Amino acid sequence: MTNLRIGVMYDRDWAPEELPGFARQAEALGVDDLWVVEDLGWNGGVSAAAVALGATERLRVGIGIAPAPLRSPALLAMELATLARVFPGRLVAGIGHGVREWMTSVGVAPRSPLALLEETITSVRALLRGERVELEGREVRLDGVQLVHPPTQPPPVVAGVVRARSLELSGRVADGTLIAEGHGPRDLENTRVLTAKGGAGPEHTLTVLAFACVGDDPGEVARTLHPHTQGQGGWLGRPQEDVFTVSGSAQEAAESIGALSAAGADTVVLRFSGAEPLRQLEAVLGALGR
């Protein structure tokens, strides 16, 4: 696990004005990454990333994830380039399909989600490389768009996807894949197979979000995680008991992280539930010897 990155999520339900202090404390604990969320009605992912980057000195900040239907690829590339110019080497941009019902509710649901995601990721990456982009796609049209200030160090663009065809797409067009909460080691092995089928090489990264709760009372830990694992189980189409978590004592949590690492995870991002998430994070980092 020597090269494994450990991240922490700033949960979408936490107040945005508390993000700077949280980010600074997480950085002081020695965590590698902080990931912010962009879900419809909660916080803006790009603005939250800017807040976290501005409040810290070395943390890598990930956007997990920008829904492709909700954002123009040109505007998204402009926003990402600005952050990457000001904070070189400290940004990861996650892009995904977005929740279909949410995209429909704001009138941006695409005819072909797969085409939209592929065209968005392809064009955003090209723009970030400073290229002039001409694209007449099924969902995206760009007529000679080029960034005036492309980043000197383009940030990695990762696809936040779940289903098989989307995982293959990620392997074909993205720098890495971002896996949703609830997926365990066996899922990661399947993910590696599918992204490789799409064309991913060894440099294609795998970032895993994980529900986390650390405590000495197993019953309390289970009760705290119950609403999250129940809801995620329904979304993933699997029994609640099969929803993977990083939980239990700090040592048990560290062992679960080790299992994800052994299955191919490059980064594990902990989404803590329960009281004092930073104290829980500190306990896990201690158990990992960080």
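Residues numbered from 1 in each chain as written. Predicted model: local features only at pLDDT ≥ 70, side-chain atom pairs only at ≥ 80, totals over all residues. Heavy atoms only, no water.

K.L.:
Quick one: what's the story with the packing of aromatic side chains, residue by residue and with numbers?
P.N.:
Using the criterion set out here, one finds 4 aromatic pairs in the structure. Ring centres of Tyr10 and Phe22 lie 5.2 Å apart, and the angle between their planes is 70°; this geometry places the pair in the edge-to-face category. Taken together, the positions of Tyr10 in the loop between strand E1 (5-9) and helix H1 (19-29) and Phe22 in helix H1 put the pair 12 residues apart, joining distant regions of the chain. Each ring, one from Trp14 and one from Phe22, has its centre 5.3 Å from the other, and the planes form 50°; the classification is tilted. Classification of Trp14 as partly exposed rests on a relative accessible area of 21%. Note on Phe22: relative accessible area 7%, which makes it buried. In textbook terms, an aromatic cluster arises when at least three aromatic residues are bridged by ring pairs, as seen for Tyr10, Trp14 and Phe22. It is Arg12 that lies over the ring of Trp42; its NZ or CZ is 3.9 Å from the centre. (Phe/Tyr/Trp six-rings, centres within 6.5 Å; stacked < 30°, edge-to-face > 60°. Helix = DSSP H or I, 4+ residues; strand = E, 2+ residues; numbered from the N terminus. Buried < 20%, exposed > 50% of the residue type's maximum accessible area, 1.4 Å probe, protein only. Lys NZ or Arg CZ within 6 Å of the ring centre and 35° of its normal.)

K.L.:
Lay out the pattern of salt bridges with the relevant residues and their values.
P.N.:
The full count for this structure, using the stated rule, is 19 salt bridges. The residue Glu139 makes a salt bridge to Arg111 at a minimum N-O spacing of 3.6 Å. Highlighted residues: Glu139 in the loop between strand E5 (133-136) and strand E6 (141-145) and Arg111 in the loop between helix H4 (100-105) and helix H5 (113-128), separated in sequence by 28 residues. The class for Glu139 is partly exposed, based on a relative accessible area of 23%. Residue Arg111 is classed as exposed on the basis of its relative accessible area of 69%. Across the salt bridge formed by Arg125 and Asp175, the nearest N and O atoms sit 2.7 Å from each other. (Salt bridge = Lys/Arg side-chain N within 4 Å of Asp/Glu carboxyl O.)

K.L.:
I'd like a rundown of the environment of Glu181, residues and numbers included.
P.N.:
Positionally, Glu181 belongs in the loop between strand E8 (176-179) and helix H7 (185-198). With 29 residues separating them in the primary sequence, Glu181 and Ala210 have C-alpha atoms 4.5 Å apart. Polar side-chain contacts of Glu181 include one of 3.1 Å to the side chain of Arg271. (Polar contact = N/O pair within 3.5 Å; in protein donor to acceptor, adjacent residues only side chain to side chain.)

K.L.:
Go over the packing of H1 against helix H2 (residues 45-55) with me, naming the residues and quoting the values.
P.N.:
Close contact between H1 and H2 brings their axes to 8 Å; oriented N to C, the two are set at 50°. With respect to each other, H1 and H2 are oriented oblique. Crossing of H1 against H2: the hand is right-handed. Residue-level inspection shows Leu19, Pro20, Ala23 and Arg24 of H1 in contact with H2, the latter providing Ala48, Val51, Ala52 and Ala55. In the contact of H1 with H2, the residues fall into 7 nonpolar, no polar and 1 charged. (Axes fitted to C-alpha atoms, helices over the stretch in contact; angles between N-to-C directions. Parallel < 35°, antiparallel > 145°, perpendicular 65-115°, else oblique. Left-handed = near helix turned anticlockwise from the far one by under 90°. Contact = heavy atoms within 4.5 Å. Nonpolar A, V, L, I, M, F, W, Y, C, P; charged D, E, K, R; others polar.)

K.L.:
Tell me about the nonpolar core, and please be specific about residues and values.
P.N.:
One finds Leu34, Val246, Ile257, Leu270 and Leu281 to be the most contacted residues of the largest nonpolar core, which totals 75 residues. With near-sequence residues (within four places) excluded, Val246 lies in contact with Ala210, Phe211, Ala212, Cys213, Ala253, Ser256, Ile257, Leu260 and Leu270. The next biggest cluster of nonpolar side chains, apart from the first, holds 9 residues, and it includes Trp35, Ile65, Leu178 and Val269. (Core = buried A, V, L, I, M, F, W, Y, C linked by side-chain atoms within 4.5 Å.)

K.L.:
Break down H7 for me, with residues and values.
P.N.:
Given a rise of 1.5 Å per residue, 14 residues ought to cover 20 Å, and the 20 Å separating the end C-alpha atoms of H7 matches this to within 8%. For H7, the set of buried residues is Asp187, Leu188, Thr191, Leu194, Thr195 and Gly198. Down the axis of H7, the sector holding all buried residues measures 125°, keeping them to one side. Exposed residues on H7 whose side chains face more than 90 degrees from its buried face are Arg186, Val193 and Lys197. Summarising the contacts, the buried residues of H7 are in contact with helix H6 (164-173), E8, strand E9 (205-214) and helix H9 (250-262). (Expected span 1.5 Å × (residues − 1). Arc of directions from axis to C-beta.)

K.L.:
So what's going on with the UniProt feature "domain: Luciferase-like" (unreviewed entry) in the chain? Which residues, and what values?
P.N.:
Taking the UniProt record as the reference, the feature "domain: Luciferase-like" (unreviewed entry) is found at residues 15-240. Along residues 15-240 the backbone is 45% helical and 20% strand, and the end-to-end C-alpha distance reaches 28 Å. (UniProt positions renumbered as here; feature names shortened; annotations may be inferred.)

K.L.:
Residue-level account of unusual backbone geometry, with values.
P.N.:
Residue Ile65 follows Gly64 across a cis peptide bond; omega there is 5°. Take Ile65: it is sitting in strand E3 (residues 60-67). The phi dihedral of Glu276 is positive, around 50°, even though this residue is not glycine. By the element assignment, Glu276 lies in the loop between strand E11 (267-272) and helix H10 (277-287).

K.L.:
Could you give an account of the side chain of Arg60, naming the residues involved and the relevant values?
P.N.:
For Arg60, the position within the fold is in strand E3. Not counting residues up to four positions away in its chain, the partners in contact with Arg60 are Arg5, Asp32, Asp33, Leu34, Arg90, Leu91, Val92 and Thr267.

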